[in-house]
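Below, each chain spelled out in residue letters.
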Amino acid sequence: MIAALHLILIYLVHTQLSNAHKQQIADNRNYIKTITDIILYLTRQGLAFRGHDERLCSNNQGNFKEACKLFAKHNPQFSNYYNNTINHGNWLIQNDIANICAQHVKNSIIDEVKTYYMYSIMCDEARSFKEEYMAFCIRYANGLCVEERCLGFIKVSENQNAESLTSAIFSFIESCNLNSVSIIAQSYDGAAVMSGNKNGVQSKVRSKHPEAIYIHCMAHKLNLVVVDTCKNIKVCLKNITNQLQQKTATLGNTGVTVIGVIESFRKKRNAAEFSKLWQNIVNFANKNKISLETPSLSKEEYWRIHAYYQVIDSVIINMEDRFSEQSLKLATSIDNLLKLNYEKSKYFVDQYERLTCVNRKILEAEMTVAKNSLLQNKETFELADIISTVNQSVYPNIYKHLQLAITIPVSSSTCERSFSTMRRVKTWLRTTMAENRFSSLALLNIESDLSNKIDSEVIVNKFAEQDRRIVLK
């Protein structure tokens, strides 16, 4: 009887200890989850963590500590943890949690890319104080929706020649475990080190990925056209510039827009069009006391030949020079693919035949059936109509080629946007920030739509995999 009571007592004590241990773990996890949420909030807002003076007597201990104090004010359990000597809120813990969160975001992007097995790369360089960084962004198809994501910044301060930059790109791709995924296109600016046909980065990338066609950033091209044209007069091409910088823009519709702009300028190059402007020019000159007198010819004829035609010709010549015939040919072919015109999209189909292993007859048959289906209810159709109609199981070949078409980048504007974040995160007050911390905070801020979806429970599980001074499992 005594032995039985002894066993029951031991069991009760053990149960109480076990329950207390479980409760302690649950409380510990809740505390770390709150710390994680504070870190994610500050990164998404692009705010600095630390303050100039973090002593207890300071009126402003920095955003992180002030946020923790605010939580402690309204949460007694959090306050008990945070006001301990060891509160697990130091910069090392901040770095660990930020790195885990950033890796979680990066892994979610990489997993999406791997389901497609093809992607495009976009790179651009910028200086942050004394350091040179390369933004590495990718474009891929998630179903038939375009995704452009930043995977991080590569430090390239030591050397910026083609060999070093290419090596840095491939090392970064390897670190992301994307070696086995095909690169189908690459977009950079027009700098010789990037765009060189023989020794540039684009040619070295193509030596490993032959299908990775080089797309000179369309937005940069248009800017160069404007710069060249401004030698004569300033021309506003803002609308087309905005279109080229959209993430959803495809090479097909962009090429059609460029061709349309060139053709529009050609149609404006005649005496009748100038006559429509002439009266406005005369009124402006009279109002501002500007002389339009000319040494020969009539005033209107002189300014039409020596000003109007020269500006139009400058725009046309520079656009034709910057937007090469080959790139526009590919763009036109993609546009015809989006119109489900098999004959006129052969150039694009040929470009990626090795990767797609397509049966041309089946592809042509699928495009014919899909086109007829779309034209039953309307005279014309848009990309959105194709996306809603083309099912992967019914039209597998069209589906694959549509994914290819929307994956080819139009510009490297996503890289430019990431530099805006870089300058917000690494300000002149935060120049001593370590490389890993900067990369993690920048990625979480750039891809805020993904960091918003992070489950803190998952982060705590990953955080608990290493030995910690706080029991989490």
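Small disclaimer: the values here were computed from a predicted structure and weren't measured. (Residues numbered from 1 in each chain as written. Predicted model: local features only at pLDDT ≥ 70, side-chain atom pairs only at ≥ 80, totals over all residues. Heavy atoms only, no water.)

### Observations regarding the side chain of glutamate 447
Part 1 of the reasoning: For glutamate 447, the location among the structural elements is in the loop between helix H20 (435–446) and helix H21 (448–451).
Part 2 of the reasoning: Setting aside its immediate chain neighbours within four residues, glutamate 447 contacts Val105, Ile109, Glu148, Arg149 and Cys150. (Helix = DSSP H or I, 4+ residues; strand = E, 2+ residues; numbered from the N terminus. Contact = heavy atoms within 4.5 Å.)

### A few points about the packing of helix H4 (residues 91–116) against H20
Part 1 of the reasoning: Running from N to C, H4 and H20 point in directions that differ by 50°, and their axes come no closer than 9 Å. With respect to H20, the element H4 is oriented oblique. For the pair H4 and H20, the crossing hand works out as left-handed. Counted together, Trp91, Gln94, Asn95, Ala98, Asn99, Cys101, Ala102, Val105 and Lys106 of H4 and Asn436, Arg437, Ser440, Leu441, Leu443 and Leu444 of H20 form the full contact between these two elements.
Part 2 of the reasoning: Taken together, the residues of the contact of H4 with H20 break down into 8 nonpolar, 5 polar and 2 charged. (Axes fitted to C-alpha atoms, helices over the stretch in contact; angles between N-to-C directions. Parallel < 35°, antiparallel > 145°, perpendicular 65-115°, else oblique. Left-handed = near helix turned anticlockwise from the far one by under 90°. Nonpolar A, V, L, I, M, F, W, Y, C, P; charged D, E, K, R; others polar.)

### Brief notes about H4
Part 1 of the reasoning: Helix length check: H4 (26 residues) gives 38 Å between terminal C-alpha atoms against 38 Å at 1.5 Å per residue, within 8%.
Part 2 of the reasoning: The opening residue of H4 is asparagine 90, an N-cap whose side-chain oxygen sits 2.9 Å from the backbone nitrogen of leucine 92.
Part 3 of the reasoning: With its phi angle positive at about 70°, tyrosine 117 sits one or two positions after the end of H4. (Expected span 1.5 Å × (residues − 1). Polar contact = N/O pair within 3.5 Å; in protein donor to acceptor, adjacent residues only side chain to side chain.)

### A closer look at the side chain of aspartate 385
Part 1 of the reasoning: With respect to the helices, strands and loops of the structure, aspartate 385 is situated in helix H17 (residues 383–389).
Part 2 of the reasoning: In this structure the side chain of aspartate 385 is engaged in a polar contact, spanning 3.3 Å, whose partner is the side chain of lysine 378.

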